[in-house]
Amino acid sequence: SRSDLPVLLEHIQKQTGLTLTANDLIKVEEIDLANSHFIMWNQTLKSIPIKGKYLRLWTQNSQKSGPALIQFEAHLSDESAPEGSFSLMTTSSGRLTRSVALKAIEGLQKEHHDLQVTKISSQDFWQNRKLVRQFKINGKRGFFLVDISLQSGRVINSSYRDYPQS
């Protein structure tokens, strides 16, 4: 049921050997659908989401027996934090990674003829045991995605996507 996250985690542990607690997950969505109830949690490491790792749960309400499991999906990782200590980027280094991201899109801006920056947002996540900050930089006709390693300060990936045309 919806409130039985510990039961699901126990089932996952029995099936896979992966031991997780509710503290290893963060709820990102909960919604009533036409015929069911849906909840999604992202797996976290040191309170930061691991990219592409999640637990999804669908239940159906029954007046007689309460919530009943329809389906659950688990895409989880046994990833652990990298050896040694690390600290999250401070505000000043956050500005540094932002300037690296803006520098990284200069060539893409010219290539895609989208020179205007209207909004910048970022999120941190773990990917392949590396801490990454992804910037989404909105332009006039599309948006840029820039992934920066928070350990090295280097750009890992950058891309441009046009907004959908109607």
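All of these numbers come straight from a predicted model, not from anything done at the bench. (Residues numbered from 1 in each chain as written. Predicted model: local features only at pLDDT ≥ 70, side-chain atom pairs only at ≥ 80, totals over all residues. Heavy atoms only, no water.)

Examining the side chain of Q43
Its place among the elements puts Q43 in strand β2 (residues 37–45). Judged by its relative accessible area of 2%, Q43 falls in the buried class. The contact partners of Q43, leaving out residues within four places of it in the chain, are L20, D24, L25, I48, P49, I50, K53, Y54, L76 and S77. (Helix = DSSP H or I, 4+ residues; strand = E, 2+ residues; numbered from the N terminus. Buried < 20%, exposed > 50% of the residue type's maximum accessible area, 1.4 Å probe, protein only. Contact = heavy atoms within 4.5 Å.)

A word on the packing of aromatic side chains
Considering all chains together, one arrives at three aromatic pairs under this definition. Measuring from centroid to centroid gives 5.1 Å for F38 and W58, while their planes differ by 50 degrees, and the two rings are tilted. Taken together, the residues F38 in strand β2 and W58 in strand β3 (residues 48–60) connect sequence positions 20 residues apart. Taking the relative accessible area as the measure of exposure, W58 reaches 18% and is therefore buried. (Phe/Tyr/Trp six-rings, centres within 6.5 Å; stacked < 30°, edge-to-face > 60°.)

Here we look at a positive patch on the surface
A surface patch of like charges, here positive, comprises K51, K119, K136 and R161. Looking at R161, the relative accessible area reads 44%, which means it is partly exposed. (Patch = residues over 30% accessible without salt bridge, like charges linked within 9 Å, V, L, I, M, F, W, Y side chains within 5 Å. Areas by Shrake-Rupley, 256 points an atom, 1.4 Å probe, with all protein chains shown as cover. Salt bridge = Lys/Arg side-chain N within 4 Å of Asp/Glu carboxyl O. Lys, Arg positive; Asp, Glu negative; His and termini not counted. Charge placed at Lys NZ, Arg CZ, Asp CG, Glu CD.)

Details of the pairing of β2
When you tally the buried positions in β2, you get nine out of nine residues, the bulk of the element. Along β2, one buried face is formed by H37, I39, W41, Q43 and L45 and the opposite face, lined by F38, M40, N42 and T44, is buried too. As judged from the seven bridges shared by strand β1 (residues 25–32) and β2, these two strands associate in the antiparallel manner. The partner of D32 across the bridge, within β2, is H37. In the sheet, β2 pairs with β3 via eight bridges, with the strands oriented antiparallel. In the strand pairing of β3, M40 is matched with R56. In textbook terms, the turn of a hairpin is the stretch between consecutive antiparallel strands, and for β2 and β3 this stretch comprises two residues, one of which, K46, has a positive phi near 55 degrees. (Pairing = 2+ DSSP bridges.)

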